[in-house]
Amino acid sequence: MELPEQVTVYEVGPRDGFQNLARFVPTDSKVAFIDALSAAGLPAIEATSFVSPQWVPQLADAHEVMQQIRRRPGVRYPVLVPNLTGLERAVETGVQEIAVFTAASETFNRRNINASIAESIDRFRPVAERAQELGLNVRGYVSTAFGCPYQGNVEAESVVSVTGQLLELGCAEVSIGDTIGVADPAQVSDVVGRLNDSFGLDGIALHLHDTYGRGLANVVAGLDAGVRTFDAAAGGLGGCPYAKGASGNLSTEDLVAMLHHMGIETGVDLGALVAATSALAASTGLRMASRAFEALRSRRRELIPA
Ligand code: HMG
Ligand code: MG
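Residues numbered from 1 in each chain as written. Chains lettered and ligands numbered in written order. Predicted model: local features only at pLDDT ≥ 70, side-chain atom pairs only at ≥ 80, totals over all residues. Heavy atoms only, no water.

Draft legend 1. Quick peek at the overall build of the chain. The helix and strand inventory of the chain stands at 12 helices and nine strands. For the chain, whose C-alpha radius of gyration is 18 Å, the value lies close to the compact-globule estimate of 19 Å for 306 residues. Its C-alpha atoms put the chain at 60 × 45 × 35 Å along the principal axes. Across the 306 residues in the chain, those meeting the buried criterion constitute 56%. Nonlocal contacts in the chain, meaning residues at least 24 apart in sequence, comprise 75% of its contacts between residues at least 6 apart. A total accessible area of about 12600 Å² is found for the chain, and carbon and sulfur atoms account for 48% of it. Seen as two clouds, the 24 positive and the 35 negative side-chain charges of the chain have centres 8 Å apart. (Helix = DSSP H or I, 4+ residues; strand = E, 2+ residues; numbered from the N terminus. Rg over C-alpha atoms; globule rule 2.2 N^0.38 Å. Buried < 20%, exposed > 50% of the residue type's maximum accessible area, 1.4 Å probe, protein only. Contact = heavy atoms within 4.5 Å. Areas by Shrake-Rupley, 256 points an atom, 1.4 Å probe, with all protein chains shown as cover. Lys, Arg positive; Asp, Glu negative; His and termini not counted. Charge placed at Lys NZ, Arg CZ, Asp CG, Glu CD.)

Okay, structure coming up:
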């Protein structure tokens with residue numbers, strides 16, 4: 001396999017990780033977590049969502065979070081935005097990058113953002129135009145690209161079509177989401193191959209979940225197919241509240257530990273990342289779902305004299 005020298009790790013823990021929890025993580029803990037992730041060298045940290053607080057109360061403090069984090073030069077802090085209201089709220093906090101999100105499956109999209117795929121694209125058009133006027137970078141998401149919790153199979157052609165529409169709107173990057181973690185490496189190769197044929201892969205990222213333990217295998221398939229940006233959540237937290245069984249984003253610790261072991265650079269300090277997740281676990285009592293995190297945390301403990 002031809003491996004790249006470098007891969008971009010796009011951290012979604014503070015957004016995707018917290019949105020699905022039964023309880024509200026205090027704003028102070030969110031801010032400390034984001035600051036610690038910045039210090040660990042993550043180049044892009046999706047910090048929160050300016051969605052409806054009725055739909056996702058866990059992130060109702062988006063404004064406060066964006067005002068309180070310490071923005072490091074060179075680090076991107078994108079936020080999720082579903083419509084113009086969300087964009088206006090985000091802009092008030094000085095964001096430089098937004099992410100819009102739709103899906104390859106109609107049923108999921110209706111449940112998640114109360115719109116058909118076509119309606120969501122129409123809704124994003126003025127958002128993308130306004131973002132471009134303001135000089136903001138725009139990312140797009142295609143959820144349920146490998147399977148849907150409501151309608152099962154999703155056609156690869158639908159993924160290609162929705163990705164094309166998001167790129168046409170002006171998205172600099174489109175992240176292809178395995179929302180419920182059902183993809184397998186053969187399917188990843190197939191879908192990424194089709195995207196490559198249609199658009200090339202410079203603007204394509206993979207957003208994998210580890211629900212069935214196939215997250216890292218799917219990363220390897222993505223790498224082999226030419227993907228160079230992978231989303232992950234520190235501690236393996238999270239999932240989408242409107243997709244049953246979507247727990248377990250691919251953990252950033254698992255991803256970074258594997259990439260480094262393969263000789264691929266990420267710019268992330270793995271020890272500092274583990275410390276960031278440990279501090280979050282200590283301040284909130286949250287349980288993490290990451291093999292590398294558990295292994296490295298206990299190794300660190302052994303090194304600390306009792
Ligand atoms: P709706 O109810 O159809 O919206 O929701 P509406 O336009 O009719 O507005 C209803 C009320 O919400 C109004 O207030 C609006 O002002 C307000 P009222 O007049 O009743 O007082 N409102 C807002 N308030 C604050 N911020 C806003 C906003 N928009 C409307 N931005 C809507 C439509 C899209 C707003 C809603 O469905 C929503 O917010 N959904 C978000 C769901 C979500 O965040 N899901 C998780 C993220 S996606 C994901 O996790 C997948 C991903 O990780 C990739 C993967 O894994 O596949 C990205
Ligand atoms: Mg997700």
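After that view of the structure, there is still more to cover.
Draft legend 2. Quick peek at the packing of helix H10 (residues 252-261) against helix H11 (residues 270-284). One can describe the packing of H10 onto H11 by two numbers: an axis separation of 10 Å at closest approach and a directional angle of 170°. If you check the angle between H10 and H11, you find them roughly antiparallel. Facing H10, whose interface residues are Thr-252, Glu-253, Val-256 and Ala-257, H11 presents Leu-270, Leu-273, Val-274 and Thr-277. (Axes fitted to C-alpha atoms, helices over the stretch in contact; angles between N-to-C directions. Parallel < 35°, antiparallel > 145°, perpendicular 65-115°, else oblique.)

Draft legend 3. Structural view of the site of ligand 1. Residues in close proximity to ligand 1 total 28 residues, the closest being Gln-19, Arg-89, Asn-114, Ser-143 and Thr-179. For ligand 1, an oxygen atom lies 2.7 Å from a polar atom in the side chain of Gln-19. Within the contact set of ligand 1, a nitrogen atom lies 2.8 Å away from a side-chain nitrogen or oxygen of Arg-89. Across the complex, the protein chains shield 72% of the 1100 Å² of accessible surface that ligand 1 would expose by itself. If you map ligand 1 onto the pockets, it falls in the largest pocket. (Near = heavy atom within 4 Å. Polar contact = N/O pair within 3.5 Å; in protein donor to acceptor, adjacent residues only side chain to side chain. 1 Å grid on protein atoms, 1.4 Å probe; cavity = no way out; pocket = protein on both sides within 12 Å on 5 of 7 lines; lining within 4 Å. Sits in = over half its atoms within 2 Å of the grid points.)

Draft legend 4. A look at the sheet that holds strand S2 (residues 44-45). Here nine strands make up an open sheet; going across it, the order is S2-S1-S9-S8-S7-S6-S5-S4-S3 and the pairing parallel. Each edge of the sheet is formed by a strand with only one pairing partner; in this case those strands are S2 and strand S3 (48-49). Taken strand by strand, helix H6 (residues 117-133) contacts strand S5 (97-103) and strand S6 (137-143), and its axis lies near 170° from that of S5. (Pairing = 2+ DSSP bridges.)

Draft legend 5. Here's a closer look at helix H7 (residues 156-169). Between its first and last C-alpha atoms H7 spans 20 Å; for 14 residues at 1.5 Å apiece the expected length is 20 Å, and the two agree. Those residues of H7 lying buried are Ala-156, Val-159, Val-160, Val-162, Thr-163, Gly-164, Leu-166 and Leu-169. Residues of H7 that are buried sit in contact with S5, H6, S6, strand S7 (173-177), helix H8 (185-199) and strand S8 (204-207). Immediately downstream of H7, the backbone of Gly-170 shows phi near 110°, a positive value. (Expected span 1.5 Å × (residues − 1).)

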